[in-house]
Amino acid sequence: MSIKVVGIGGSVDAGSQSDRVLRSVLTAVEKLGAEVSVYSGFDLDLPPYHSGAVVPDSVAEYIAAVRQADAVVITSPGYHGTISGLVKNALDYLEELRGDDRPYLDGRAVGLVAVARGWQASVSTLATLRQVVHALRGWPTPLGLAINSSATTFDESGYTADDSVAGSITVLARQLVDFAENWSLQDRDRSGR
Ligand SMILES: Cc1cc2nc3c(=O)[nH]c(=O)nc-3n(C[C@H](O)[C@H](O)[C@H](O)COP(=O)(O)O)c2cc1C
């Protein structure tokens, strides 16, 4: 049975690099046999989350996809040194998973990528993504990527001429899939399925 991986991130800007990186990571994950779905840019243009929010129908599918996921990939642009409001708000909606058997991102590997026009914001944004994922009980992969979009670019197909970054995406995808496959096997053993 294939593992399910959900991608979350990007920005609403034309040619968003954080969107293209997200799709590139998901393509690498798909090549390893995973089933992927993506929520990026305008998919995440949601009303600000608050406690007790009535979740719009359009968001229910996103929440259900994360609920069923074995692993998650999150990419964020660096906005003023940290993750964008759009991505943070989408992650705040995961509060809807609080009462689940696997609350929030519990038991899920999470691949993280931060993309900014400089190193300072890409590195600080990656650190923030890790903090948020820890708070959501997820397991960030050992390798996370900080990408400087003034030095490394991705085209519409998700291709980059930066071999070093392309190689890192392959490693991240492998770590994500290995963790998810091992975890889901153990989970099945624990529950006797
Ligand atoms: C509101 C806003 C704030 C930004 N702040 C920073 C920043 O603090 N540091 C930086 O290096 N880049 C910053 N950027 C540039 C983005 O990080 C950059 O465009 C990157 O490629 C990711 O965004 P994208 O997915 O829209 O391409 C900012 C962009 C916007 C729109």
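Relevant structure appears above.
Residues numbered from 1 in each chain as written. Predicted model: local features only at pLDDT ≥ 70, side-chain atom pairs only at ≥ 80, totals over all residues. Heavy atoms only, no water.

Caption draft 1: Up close: the environment of A116. Mapping A116 onto the fold places it in strand 5 (residues 109–116). Classification of A116 as buried rests on a relative accessible area of 4%. Considering only alpha carbons, one finds A116 and R67, 49 residues apart in sequence, at a separation of 29 Å. Those residues in contact with A116 that sit more than four places away from it in its chain are G78, A121, S122, I147, N148, S149 and S150. (Helix = DSSP H or I, 4+ residues; strand = E, 2+ residues; numbered from the N terminus. Buried < 20%, exposed > 50% of the residue type's maximum accessible area, 1.4 Å probe, protein only. Contact = heavy atoms within 4.5 Å.)

Caption draft 2: Local environment of the pattern of salt bridges. With the rule as written, the count across this model stands at 5 salt bridges. The closest approach of N and O atoms between D19 and R23, which form a salt bridge, is 2.9 Å. Of the two residues, D19 and R23 are both situated in helix 1 (residues 17–31); the distance of 4 residues between them amounts to about one turn of the helix. A relative accessible area of 16% means that D19 is categorised as buried. The class for R23 is partly exposed, based on a relative accessible area of 37%. Across the pair D100 and R67 runs a salt bridge whose closest N-O atoms are separated by 2.7 Å. One end of the pair, D100, is in the loop between helix 3 (85–92) and strand 5; the other, R67, is in helix 2 (residues 57–68), with 33 residues separating them in the sequence. (Salt bridge = Lys/Arg side-chain N within 4 Å of Asp/Glu carboxyl O.)

Caption draft 3: Structural view of the site of the ligand. In the region of the ligand, 16 residues are neighbours, and S11, S16, S18, G78 and S149 sit closest. At 2.8 Å, a backbone N or O of H80 approaches a nitrogen atom of the ligand. Its free accessible area being 630 Å², the ligand has 72% of it covered by the protein chains. Elements that contribute at least two residues to the shell around the ligand include exactly helix 1, strand 3 (71–79) and strand 5. Per element, the largest residue contribution to the shell around the ligand is 3 residues, and it comes from strand 3. Taken together, the residues of the shell around the ligand sort by class into 5 nonpolar, 9 polar and 2 charged. (Near = heavy atom within 4 Å. Polar contact = N/O pair within 3.5 Å; in protein donor to acceptor, adjacent residues only side chain to side chain. Areas by Shrake-Rupley, 256 points an atom, 1.4 Å probe, with all protein chains shown as cover. Nonpolar A, V, L, I, M, F, W, Y, C, P; charged D, E, K, R; others polar.)

Caption draft 4: Local environment of the pairing of strand 5. Where burial is concerned, most of strand 5 is hidden: 8 out of the 8 residues are buried. Along strand 5, one buried face is formed by A109, G111, V113 and V115 and the opposite face, lined by V110, L112, A114 and A116, is buried too. Relative to strand 5, strand 3 is paired through 7 bridges, and the arrangement is parallel. The partner of A71 across the bridge, within strand 5, is A109. Bridging between strand 5 and strand 6 (residues 139–140) involves 2 bridges; their strand directions are parallel. Opposite A109, over in strand 6, you have W139 as the bridge partner. (Pairing = 2+ DSSP bridges.)

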